[in-house]
Amino acid sequence: MFSGDERKRKEQQMLQAGRLPAGQSLTLKWPVLHYGSVPKFDPAKWDFRVWGLVEQPLRLTWGEFAELPQARNTSDFHCVTRWSRFDNQWQGVAFRELLTRVKPKAEATHVLLHAEQGFTANVPLADLDRDDVLLATHHDGQPLTADHGYPLRLIVPHLYAWKSVKWLRGLEFLNHDVPGFWEQNGYHMYGDPFREQRFSSSTSRA
Ligand SMILES: Nc1nc2c(c(=O)[nH]1)N[C@H]1C(S)=C(S)[C@@H](COP(=O)(O)O)O[C@H]1N2
Ligand SMILES: [Mo]
């Protein structure tokens, strides 16, 4: 267990290292945050689909998805409700692995992420085409728990965590930006934690 003093000390370290964005505080726990209920996973019905502006649309069953090459990455996680969790070890499939398979068309600029229950989030394609973006199945060596997104979630470490969609089921490649669920509800279209891009009405401090 960490005492409050140890937490404060680590927070100070992260601040000095430039890893704690303004307006955030460090958490040693892992809060659960989402809209709606936790969906049930049925491996017989689950699929993962990629469609829209790609040369090779894709549909994978859970068995097929589990056979994709595995990647690992350690990264920080910043929720717009002002907590940050550091050094999360993620395992799953590199987003770039998927990109080589689906081959985005030249005109694709944005991706709308689709999750269970109609949840969506929008991210520019360039922000997904990075080494640290993973389609994650495991956290700190364990399969994701149901409330953290089992069986599959996206991890986009450099944007606020509402873009790190839990219970991910599909990717839609588009030639324009469209607001997802939280973005339609007032959150920023891009969501850079280091510029405190929390709400669409707020101006960036960059
Ligand atoms: N499907 C889905 N994914 C979601 C959300 C949601 O409401 N639905 N909330 C997001 C928000 S606001 C945060 S902070 C993170 C939280 O992830 P965690 O519950 O694993 O900490 O999930 C994100 N992914
Ligand atoms: Mo969040």
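For the structure, check the block above.
Below, the structure is looked at part by part.

What counts and how
- Residues numbered from 1 in each chain as written.
- Chains lettered and ligands numbered in written order.
- Predicted model: local features only at pLDDT ≥ 70, side-chain atom pairs only at ≥ 80, totals over all residues.
- Heavy atoms only, no water.
- Near = heavy atom within 4 Å.
- Polar contact = N/O pair within 3.5 Å; in protein donor to acceptor, adjacent residues only side chain to side chain.
- Areas by Shrake-Rupley, 256 points an atom, 1.4 Å probe, with all protein chains shown as cover.
- Nonpolar A, V, L, I, M, F, W, Y, C, P; charged D, E, K, R; others polar.
- Salt bridge = Lys/Arg side-chain N within 4 Å of Asp/Glu carboxyl O.
- Helix = DSSP H or I, 4+ residues; strand = E, 2+ residues; numbered from the N terminus.
- Buried < 20%, exposed > 50% of the residue type's maximum accessible area, 1.4 Å probe, protein only.
- Arc of directions from axis to C-beta.
- Expected span 1.5 Å × (residues − 1).
- Pairing = 2+ DSSP bridges.
- Axes fitted to C-alpha atoms, helices over the stretch in contact; angles between N-to-C directions.
- Contact = heavy atoms within 4.5 Å.
- Phe/Tyr/Trp six-rings, centres within 6.5 Å; stacked < 30°, edge-to-face > 60°.

Topic: the site of ligand 1
Item 1. Among the 20 residues in the neighbourhood of ligand 1, the closest are listed as P31, Y35, H148, R153 and K166.
Item 2. K166 places a side-chain nitrogen or oxygen 2.5 Å from an oxygen atom of ligand 1.
Item 3. The protein chains hide 98% of the 530 Å² of surface that ligand 1 would expose on its own.
Item 4. Looking at the shell around ligand 1 residue by residue, the class counts come to 15 nonpolar, three polar and two charged.

Description of the pattern of salt bridges
Item 1. The full count for this structure, using the stated rule, is 16 salt bridges.
Item 2. For R19, the salt bridge identified is with D76, shortest N-O distance 3.0 Å. With a gap of 57 residues between them, R19 in the loop between helix 1 (4-16) and strand 1 (25-26) and D76 in strand 4 (residues 71-78) connect regions that are remote in the sequence.
Item 3. Here D76 falls in the buried class, since its relative accessible area comes to 14%.

Focus on helix 3 (residues 95-102)
Item 1. When helix 3 is considered as a whole, its buried residues turn out to be F95, L98, L99 and V102. Along the long axis of helix 3, the arc covered by the buried residues comes to 105°, so they all point the same way.
Item 2. Immediately downstream of helix 3, the backbone of K103 shows phi near 50°, a positive value.

A few points about helix 1
Item 1. Between its first and last C-alpha atoms helix 1 spans 18 Å; for 13 residues at 1.5 Å apiece the expected length is 18 Å, and the two agree.
Item 2. Positioned one or two residues after helix 1, G18 has a phi angle of 75°, which is positive.

Digging into the sheet that holds strand 3 (residues 58-61)
Item 1. Strand order in the open sheet made by the five strands is 3-2-11-6-7, with mixed pairing throughout. Since the sheet does not close on itself, it has two edges, and those belong to strand 3 and strand 7 (120-124), each with one partner. Each neighbouring strand pair of the sheet contributes to a mean axis angle of 15°, computed without reference to strand direction.
Item 2. Where strand 2 (residues 47-52) meets strand 11 (residues 168-174), four bridges bridge the pair, whose relative direction is parallel. Across the sheet, the residue bridging to R49 is G170, located in strand 11.
Item 3. Packed onto the sheet, helix 3 meets strand 2, strand 3 and strand 11 and runs at close to 55° relative to strand 11.

Here's the deal with the side chain of H139
Item 1. Inspection of the secondary structure puts H139 in strand 8 (residues 134-139).
Item 2. Setting aside anything within four residues of it in sequence, one finds H139 in contact with W30, R85, N88, Q89, W90 and L144.

Describing the pairing of strand 8
Item 1. Across the six residues of strand 8, five count as buried, placing the element largely inside the fold.
Item 2. Of the pairings in the sheet, the one linking strand 5 (residues 83-94) to strand 8 comprises five bridges and is antiparallel in character. By the bridge assignment for strand 8, G92 is matched with A136.
Item 3. Pairing of strand 8 with strand 10 (residues 153-155) involves three bridges; the strand directions are antiparallel. Along strand 10, the bridge assignment pairs L135 with L154.
Item 4. In terms of strand pairing, strand 8 meets strand 9 (residues 142-143) through two bridges, oriented antiparallel. Bridge pairing in strand 9 links H139 to Q142.

A few points about the packing of aromatic side chains
Item 1. Per the counting criterion, the structure on display carries 19 aromatic pairs.
Item 2. Relative to F65, the ring of W46 lies with its centre 6.0 Å away and its plane at 75°, an arrangement referred to as edge-to-face. One end of the pair, W46, is in the loop between strand 1 and strand 2; the other, F65, is in helix 2 (residues 62-66), and 19 residues separate them in sequence. The exposure classification of W46 matches that of F65, with both residues buried.
Item 3. Considering the side-chain rings of W182 and Y187, the 5.6 Å spacing of their centres and the 85° angle between planes classify their relative orientation as edge-to-face.
Item 4. The class of W182 is partly exposed, set by a relative accessible area of 24%.
Item 5. Assessed through its relative accessible area of 17%, Y187 is described here as buried.

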